[in-house]
Each structure stands twice: as structure tokens, then as C-alpha cells.
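# Notes for the structure review
So you can see what is in the structure, the chains are spelled out below.
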Amino acid sequence: MNRNRLAVPFKQDDNALDEVARRFDVRITPAVLETIQSPADPVALQYLPDIRELDISPEERDDPIGDHVHSPVKGIVHRHRGRVLLKASSVCAVNCRFCFRKNMLGAPAATLNWKEMDAALSYIAQHPEISEVILTGGDPLVLSSKRLDYLLGRLEQMDHVKIMRIHSRVPVAAPERLNTTFLELLNRKKPLYMVLHVNHVQEITPEVEKALFALHKSGVVLLSQSVLLKGVNNNTMALENLFSRLLELRVKPYYLHHPDLVPGTGHFRLAIEEGQKLMRALRSRVSGLALPNYVLDIPGGYGKIPLENAYIEKSENGFVLTDHEGVSHDYPCV
Ligand SMILES: *Cc1c(COP(=O)(O)O)cnc(C)c1O
Ligand code: SF4
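The numbers attached to residues start from 1 for each chain and follow its sequence in the written order. Think of it this way: whatever chain is written first is A, whatever ligand is written first is 1, and the rest follow in order. Reporting of local features is limited, given that this is a predicted model, to residues whose pLDDT is at least 70; pairs of side-chain atoms are given and counted only at 80 or more, and all residues count toward the totals for whole chains, interfaces and linings. Computation of side-chain values covers all heavy atoms of the structure but excludes hydrogens and water.

### Structural notes on the pairing of strand E6 (residues 221-227)
- Each residue's exposure class comes from its accessible area (1.4 Å probe, protein chains only) as a fraction of the maximum for that residue type: buried when under 20%, exposed when over 50%, partly exposed otherwise. The secondary structure listing takes helices from DSSP runs of H or I that are at least 4 residues long and strands from runs of E that are at least 2 residues long, numbered from the N terminus. Across the seven residues of E6, six count as buried, placing the element largely inside the fold.
- Two strands pair when backbone bridges link them, and strand E5 (residues 192-197) and E6 are joined in this way by five bridges, in the parallel orientation. If you follow Tyr193 over to E6, its bridge partner there is Val221.
- Relative to strand E7 (residues 252-257), E6 is paired through five bridges, and the arrangement is parallel. Within E7, the position partnered with Ser224 by the bridge is Pro253.
- After leaving E6, the chain enters helix H10 (residues 236-248) and then returns to the sheet as E7, a path that is right-handed. Strand pairing is assigned whenever DSSP identifies at least 2 bridges connecting the two strands. With its strands directed away from the observer, a crossover is right-handed exactly when the path from the first strand over the helix to the second travels clockwise.

### So, unusual backbone geometry
- Between Gly137 and the following residue, Gly138, the backbone shows a cis peptide bond with an omega angle of 15 degrees.
- Assignment of secondary structure puts Gly138 in the loop between strand E3 (132-136) and helix H6 (145-157).
- In this structure, Arg250 takes a positive phi of about 65 degrees despite not being glycine.
- Within the element layout of this structure, Arg250 appears in the loop between H10 and E7.

### Topic: the sheet that holds strand E10 (residues 312-315)
- The antiparallel open sheet is built from three strands, whose spatial order is E10-E11-E12. The sheet terminates laterally at E10 and strand E12 (328-332), the two strands that pair on one side only. Averaged over all pairs of adjacent strands, the angle between their axes in this sheet comes to 30 degrees, without regard to strand direction.
- Pairing between E10 and strand E11 (residues 318-322): four bridges, direction antiparallel. Paired with Ser315 across the strands is Gly318, a residue of E11. Each axis is a line fitted through C-alpha atoms, taken for helices only over the stretch in contact, and angles between the N-to-C directions span 0 to 180 degrees.

### Regarding the side chain of Arg101
- Locating Arg101 in the fold gives a position in the loop between strand E2 (83-87) and helix H5 (114-125).
- Here Arg101 is in contact with Ile65, Asp67, Leu85, Lys87, Thr136 and Gly137, once residues within four sequence places are set aside. Between two residues, a contact is recorded if the distance between any of their heavy atoms is within 4.5 Å.

### Topic: the sheet that holds strand E9 (residues 304-306)
- Taken together, nine strands build an open sheet; the order of strands is E1-E2-E3-E4-E5-E6-E7-E8-E9 and the sheet is mixed. The open sheet has two free edges, formed respectively by strand E1 (76-80) and E9, since each of these has just one partner strand. Here the strands of the sheet are splayed against their neighbours by 25 degrees on average, with no regard to which way each runs.
- The sheet contacts of H10 involve E6 and E7, and relative to E7 the element is tilted by about 145 degrees.

### Details of the confidence of the model for the chain
- What pLDDT expresses is the predictor's confidence in each residue, scored from 0 to 100. Confidence in the prediction of the chain, expressed as mean pLDDT, is 93, and 96% of residues score 70 or more.
- Scored below 50 in pLDDT, residues 1-10 shows 19 contacts in the model against residues more than four places distant or in partner chains.

### As for the side chain of Arg269
- Following the sequence through the fold, Arg269 ends up in the loop between E7 and helix H11 (272-285).
- Taking the relative accessible area as the measure of exposure, Arg269 reaches 13% and is therefore buried.
- The term polar contact refers here to a pair of N or O atoms within 3.5 Å; inside protein, the definition further demands a hydrogen-donor-capable atom paired with an acceptor-capable atom, and it admits residues adjacent in sequence only when both atoms are side-chain atoms. Within the structure, Arg269 has its side chain in polar contact with the side chain of Thr265 (distance 3.2 Å).
- Ignoring any residue separated from it by four or fewer positions in sequence, one finds Arg269 in contact with Ser57, Glu59, Glu60, Lys230, Pro259, Asp260, Leu261 and Val262.

### Quick look at the packing of H10 against H11
- The interhelical angle for the contact between H10 and H11, taken along N-to-C directions, is 50 degrees, at an axis separation of 10 Å. Taken together, H10 and H11 sit at an angle that is classed as oblique. The element H10 and its partner H11 pack so that their crossing is right-handed. For the pair H10 and H11, contact is made by Thr236, Met237, Leu239, Glu240 and Phe243 and by Leu278, Ala281, Leu282 and Arg285, respectively. We call two directions roughly parallel when the angle between them is under 35 degrees, roughly antiparallel when it is over 145, roughly perpendicular when it lies between 65 and 115, and oblique otherwise. Less than a right angle of anticlockwise turn of the near helix away from the far helix marks a crossing as left-handed, whereas a clockwise turn marks it as right-handed.

### Some words on the site of ligand 1
- Throughout, the term near means that a residue has one or more heavy atoms lying within 4 Å of the molecule or strand in question. Lining the immediate environment of ligand 1, one finds Val77, Arg79, His80, Arg83, Leu85, Ile134, Arg165, Tyr254, Tyr255 and Lys304.
- With respect to ligand 1, the side chain of Arg83 contributes an N or O atom lying 2.6 Å from an oxygen atom.
- Tyr255 is positioned with one of its side-chain polar atoms (N or O) 2.5 Å from an oxygen atom of ligand 1.
- Taken together, the elements giving at least two residues each to the shell around ligand 1 come down to E1, E2 and E7.
- The element that contributes the greatest number of residues to the shell around ligand 1 is E1, accounting for three residues.
- Residue composition of the shell around ligand 1, grouped by class: five nonpolar, one polar and four charged. Polar here means any residue other than Ala, Val, Leu, Ile, Met, Phe, Trp, Tyr, Cys and Pro, which are nonpolar, and Asp, Glu, Lys and Arg, which are charged; Gly is therefore polar.

### What about the packing of aromatic side chains?
- When the centres of two rings from Phe, Tyr and Trp lie within 6.5 Å, Trp using its six-membered ring, the rings pair. Their planes under 30 degrees apart give stacked, over 60 give edge-to-face, and anything left gives tilted. Tallied over the full model, the rule gives three aromatic pairs.
- The interplanar angle of 65 degrees and the centroid separation of 5.3 Å between the aromatic rings of Trp114 and Tyr150 together place this pair among those described as edge-to-face. Within this pair, whereas Trp114 is found in helix H5, its partner Tyr150 is found in helix H6, the two being separated by 36 residues in sequence.
- What makes Trp114 partly exposed here is its relative accessible area of 36%.
- By relative accessible area, which is 28% here, Tyr150 ends up partly exposed.
- Its end group placed over the ring of Phe182, Arg177 keeps NZ or CZ at 4.0 Å from the ring centre. Counted as over-ring charges are cases with an Arg CZ or a Lys NZ within 6 Å of the ring centre that also lie within 35 degrees of the ring normal.

If you want it as C-alpha cells, here you go:
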């Protein structure tokens, strides 16, 4: 990309920026570039390198969510009994500066070759307790059509796999990929759920809307996940606009992730209390259908937990319940 055009108004040190870009490639698609209006807008901040990425604090870690702890075979993360992650690609259409898998991203060795893919599929075939396979990465939709078709086909042949799920940023970052042939490939016999990664309503262009509608018509069930990011979407209006727009486009907001402890992403992180407060405000402002679960991955591989238990507290003879305006109500024990 033409970094000069976008980075100059930042007045950041060019050598330092080169260093940042060496550590984690700058990658942005023409479709995303078009949505950027200024170097400090909510889209630009997600993709443009920033010298603050060089500030690494001691609590940040290379494997922030503990993927490695639960990886029995290359490309597989099996943390929960009935569902696995299958990370076939280590490449994305874009590189988000806050990426939770920043350290695996773009490493060619982390993308599965055909043999490794077969080994990962064998693992799933040999584990009848697995009923859901989540293709993630990297981005599974940057795989060649041939590979993706092969993967989905093999999963469909396994009787115990009932649900297939794809986590992707492609419908937002490169909607042109969802052409007729590609959509045919996604039209499967088994239920295919797709969780889009989208963080701000500015990312949803008419092309993106078209792609989402086409996915819907192909029988793909659409959900979304967003990362709560300081400077990008940490205000009620931004979240309200995003979630209600998604709902209108037949996309059910599923997860709002509290940012993980990824090296060099401190400038994106905010307090958990702030996230809880935003969620509380949203509860009265948007349809319940538009509300995602606000979650955090416990570092070390212990899984995701909801961060919204601030509504209920044990009291002497029951519970104290807090409503969306912060008012407490007593609730008796049965
Ligand atoms: C997030 C995640 C899942 C999926 O969790 P859901 O709550 O079903 O969306 C599965 N396995 C791992 C290792 C995960 O990190
Ligand atoms: S799309 Fe997801 S995996 Fe890819 S760079 Fe962004 S956050 Fe990371």
C-alpha cells in the first residue's frame, strides 16, 4: 500500500515505522483502503502501523490465548470436548494491528500443506466426540477454492461432524472474493455458520452488504464478532450503530472480545469496567438480538468467559440485581 499517503499526517518516525512493519507486515486490501477517510479514523487505526507497537509490556505474551497448550496436531486446537479449531491458513486478507494471533500470522510454515491438512482431518475423523469444526486461522477464506472445497467436503463426509463454522474477515475486507463460484462452494449440505470479524460500521460498504446478502442467500448462517478497541469503537454510539446495522443485514452479533494481551497492543486496550459499562448502556439502547456476549479469553488456554456478571451479587438473604441504569434491586432467595 502507499504508506506515505496515509502515514505522513501521523508525524511518526519513519525508521521506527519500518521497524514496526518488519515485525508485523502491513497488509490492507483495496476495498478497505477505499473506506479510509483519514489516518486517524476507526478503519485506519486498525490497519496502519503505529510506533506504539514497539512498546511491549511484561504482561503481554506471544501466545495470548493459550492455543499451543491444546494443540494435539499441527493446525488443531482442541480445548473443548465437542468442538475444535482447524487453523488451515496462517494468512489473512488484511493484517489487523491488534491481531490475537499476530505471532503466527504470515509465517509460511504455519499454513498447512496438503499432508498436514490430511493429518488434521484424520485427527477429527478419529474423534467422534467432535460435532463442530471451526475453521479459523489466519483466514480460511483466503485458501484456494480447491483447498476449501476439499476441507468442507471431507468434513461433510464425517458423520459425527454436524456443524461447520468459518471465522473470517474476508466478507468485510475483500467482498469481491464472494463471487458466484465461491458462493456455490459455500452452499453445503451440512449447516455452515460464518462468524464475520467487523469492528466498526464504517467497514460496512455497499459491496460488503451485497456480499452478506449473497452469503445469506447461499444458506450460510451469519454471526459477527468484534474486538473492543480503544480509539476505534469504545463508545456507545459506535457499538450501537455497528450492532444494529449488522442485525439489519441479517447478521447476529455473537461476540464482543475484550482485547487480548498481545505484544505491542497496549494502545488498543481498555479497562474491563469500561467494557462492562458500555454493555450495560447498550442493553437498553439496542434490540436484545443485537447484543453480543462480551467475553475474554483467559490467558493460558483456559477458554473464554463472559465479562458481564456485574449484574448480580449475592447478598445476606438473596441477591442484589443491578439494572442497566446502575440501580440496585433486591431479589429474595427461594
Ligand atoms: C473460541 C474458541 C472456540 C469456540 O467457542 P464458542 O464459544 O463455541 O464460540 C472453540 N475452541 C477454542 C479453542 C476457542 O478459542
Ligand atoms: S482477521 Fe483476525 S486473524 Fe486475521 S489479522 Fe485480523 S484479527 Fe488477526
